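# Structure at a glance
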Amino acid sequence: MTSPTMVQLCGKIARDSDEHVRSIGQRCLRDYDEFSGLKYARLTAGDEQLILSAALSAHASKDASRGDLLDELSLLIRATRAG
């Protein structure tokens, strides 16, 4: 069964204002699989770092909702890369 939370998260990130973050979100949306999650999105440590930097920037500029979304995506990337 498809995770609506994952699909919603990827959809929101795919519409982000930052071009690099948006491309990662679009890749996640395109390659998400209900059985293997983001395994086939080929997310790298560089992608994780970019998302973490964007999250820190969002939190610093008081954009908490965007920062929280990016934090959640960074955790999912880390979990995907570890497993």
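Described below are features of the structure shown in this document.

Here we come to the environment of K39. Considering the arrangement of structural elements, one finds K39 in the loop between α2 (19-31) and α3 (45-60). Classification of K39 by relative accessible area gives exposed; the value is 54%. It is 7.6 Å that separates the C-alpha atoms of K39 and R81, two residues lying 42 residues apart in sequence.

Moving on, we come to unusual backbone geometry. A positive phi angle is found at K62, which is not glycine, with a value near 65°. Relative to the helices and strands, K62 resides in the loop between α3 and α4 (64-82). Looking at K62, the relative accessible area reads 74%, which means it is exposed.

Okay, the pattern of salt bridges next. All told, the structure shown has four salt bridges when counted by the stated rule. The salt bridge partner of R27 is D47, with a shortest N-O separation of 3.1 Å. On the criterion of sequence distance, the pair formed by R27 in helix α2 and D47 in helix α3 is long-range, its members being 20 residues apart. D47 sits in the buried class, given a relative accessible area of 11%. Its salt-bridge partner being D31, residue R30 comes within 3.5 Å of it at the nearest N-O pair. The exposure class assigned to R30 is exposed, which follows from its relative accessible area of 61%. Under the relative-accessibility criterion, D31 is labelled buried at 19%.

When two helices pack together, their arrangement is given by the angle between their axes and by how far apart the axes lie. Following both chains from N to C, one finds α2 and α3 inclined at 125°, their axes separated by 10 Å at the closest point. Relative to α3, the element α2 is oriented oblique. Pair α2 / α3 crosses with left-handed handedness. Contacts between α2 and α3 involve H20, V21, I24 and R27 from the former and D47, L50, I51 and A54 from the latter.

Moving on, we come to the nonpolar core. By size, the foremost hydrophobic cluster in this structure holds 17 residues, and its most contacted members are C28, L38, L43, I51, L70 and L73. Counting only elements with at least two residues in this core, the list comes to α1 (4-13), α2, α3 and α4. The contact partners of L70, leaving out residues within four places of it in the chain, are I13, V21, I51, A54 and A55.

Basis of the calculations
- Residues numbered from 1 in each chain as written.
- Predicted model: local features only at pLDDT ≥ 70, side-chain atom pairs only at ≥ 80, totals over all residues.
- Heavy atoms only, no water.
- Helix = DSSP H or I, 4+ residues; strand = E, 2+ residues; numbered from the N terminus.
- Buried < 20%, exposed > 50% of the residue type's maximum accessible area, 1.4 Å probe, protein only.
- Salt bridge = Lys/Arg side-chain N within 4 Å of Asp/Glu carboxyl O.
- Axes fitted to C-alpha atoms, helices over the stretch in contact; angles between N-to-C directions.
- Parallel < 35°, antiparallel > 145°, perpendicular 65-115°, else oblique.
- Left-handed = near helix turned anticlockwise from the far one by under 90°.
- Contact = heavy atoms within 4.5 Å.
- Core = buried A, V, L, I, M, F, W, Y, C linked by side-chain atoms within 4.5 Å.

By themselves, these observations are geometric and do not establish any function.
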